[in-house]
Amino acid sequence: MKEIKPWLAAMRLRTLPLSVSGIIVGTSFAYYNGHFSWWVLVLAILTTISLQILSNLANDYGDSVNGADNDERVGPRRAVQSGKITPEEMLDAIKFNIIVVIILTLSLIWAAFGSTNFLFLLLFIFLGGVSVYAALNYTMGDSPYGYRALGDVFVFVFFGLVSTIGSYLLYMHTIDHVVVLPAIALGLLSVGVLNLNNMRDLEADAKVGKITLAVKLGAQRVKQYHFFLIIGAMLISIAFSILYYVEPYNFIYLLAFIPLILHIKKIKVAKTPDDYDGQLKVLALSTFLFSFLLGIGYILY
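What comes next concerns the included structure. Since we're looking at a predicted model, the values are computed, not measured.

Digging into the overall build of the protein chain
1) Next: Within the protein chain, the secondary structure is distributed over 13 helices and zero strands.
2) Next: The secondary structure elements of the protein chain, listed N-terminal to C-terminal, are α-α-α-α-α-α-α-α-α-α-α-α-α.
3) Next: For 301 residues, the compact-globule estimate of 2.2 N^0.38 gives 19 Å, and the protein chain sits close to it at 19 Å.
4) Next: In terms of overall dimensions, the protein chain has a C-alpha envelope of 50 × 45 × 35 Å along the principal axes.
5) Next: Burial status across the protein chain gives 52% buried among its 301 residues.

In structure tokens form, the structure reads like this:
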């Protein structure tokens, strides 16, 4: 168990529910429209989780090598930073995880499209390759985009647009405008989780030259940005439910607004890194709850 615990910590299991939020929404809407496959669902979840684990391992390695993970960092100590896993061991794990991602991605594409829809086959192979690149280069490489205030853009695209619209496309074999607003809402909430992480590490990141959007904006403006992300997601989801109203169940996701509103109140008075760190799990689980209830609201029809 002593050997397993550092790896479980490096995988950051608490981030995994957030990573499948888009899959839940895309699958639910496809089910509502009469298309569903257990094989596609299971493989989509496994592929997404493997990509998230790859990203977490790469971040552990990259931040430790680049000095962003140090004694001033708030939150759980990283595996490489603590010395429980060597950089060489982490690199080997990253390489192994890439192989797992490739196998799962190709299996998912075959389960969804078989030998038909050649253009969609190429599209998802491309998306798989870009996803691996994004997972690795957030903190790794000569010029990691996470150190150039671009992390928010990538999270919005992959956790919001690609995850939600892509999973819907796997079932439906067509792109539909119905999933665009939910994808945007999930993207904003996912960026909110990253931004909260960056708000917690703002001072430590600035000292080591890790330029996140939080560092660029500063302590006060980044709070306003955070409120924009959360409130924006809430307003977009309400607009979606009005535009695509079917029955009252469509609004059941409003229950998830309760922890989101409480979260906003907490962030408004937050002052220390520990204050922000305590809200990370709250926002991640609230986002997962939002996606689950949004999907259930249409499955119940």
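That covers the picture; the talk isn't over yet.
Here's the deal with unusual backbone geometry
1) Next: Positive phi values are uncommon outside glycine, yet asparagine 117 reaches one of about 50°.
2) Next: One non-glycine residue, histidine 173, adopts positive backbone phi at about 60°.
3) Next: Locating histidine 173 in the fold gives a position in the loop between helix H8 (151–172) and helix H9 (180–200).

Focus: the environment of glutamate 88
1) Next: Residue position: glutamate 88 is located in helix H6 (residues 87–113).
2) Next: Residues glutamate 88 and tyrosine 61, spaced 27 residues apart in sequence, show a C-alpha to C-alpha distance of 9.4 Å.

What about the packing of H9 against helix H11 (residues 213–243)?
1) Next: Close contact between H9 and H11 brings their axes to 8 Å; oriented N to C, the two are set at 155°. Comparing the axis directions of H9 and H11 gives the class roughly antiparallel. Here the hand of the crossing between H9 and H11 comes out left-handed. Judged by residue contacts, Leu181, Pro182, Ile184, Ala185, Leu188, Leu189, Val191, Gly192, Asn195, Leu196, Asn198 and Met199 of H9 engage Ala214, Val222, Lys223, Tyr225, His226, Leu229, Ile230, Gly232, Ala233, Ile236, Phe240 and Leu243 from H11.
2) Next: Among the residues forming the contact of H9 with H11, the class breakdown is 18 nonpolar, five polar and one charged.

Observations concerning H8
1) Next: In this model, H8 (22 residues) spans 30 Å end to end at C-alpha, consistent with the 32 Å of a helix rising 1.5 Å per residue.
2) Next: Maximal helix bending in H8 amounts to about 35°, located at valine 162.
3) Next: Within two residues after H8, histidine 173 carries a phi angle of roughly 60°, on the positive side.

Quick word on the nonpolar core
1) Next: The biggest cluster of nonpolar side chains holds 65 residues, and the ones touching the most others in it are Phe29, Leu170 and Phe290.
2) Next: If near-sequence neighbours (up to four positions away) are discounted, phenylalanine 290 is found in contact with Ala185, Leu186, Leu189, Ser237, Tyr253, Ala256 and Phe257.

Reading guide: rules and limits
Residues numbered from 1 in each chain as written. Predicted model: local features only at pLDDT ≥ 70, side-chain atom pairs only at ≥ 80, totals over all residues. Heavy atoms only, no water. Helix = DSSP H or I, 4+ residues; strand = E, 2+ residues; numbered from the N terminus. Rg over C-alpha atoms; globule rule 2.2 N^0.38 Å. Buried < 20%, exposed > 50% of the residue type's maximum accessible area, 1.4 Å probe, protein only. Axes fitted to C-alpha atoms, helices over the stretch in contact; angles between N-to-C directions. Parallel < 35°, antiparallel > 145°, perpendicular 65-115°, else oblique. Left-handed = near helix turned anticlockwise from the far one by under 90°. Contact = heavy atoms within 4.5 Å. Nonpolar A, V, L, I, M, F, W, Y, C, P; charged D, E, K, R; others polar. Expected span 1.5 Å × (residues − 1). Bend = angle between axes of the 7 residues up to and from the residue. Core = buried A, V, L, I, M, F, W, Y, C linked by side-chain atoms within 4.5 Å.

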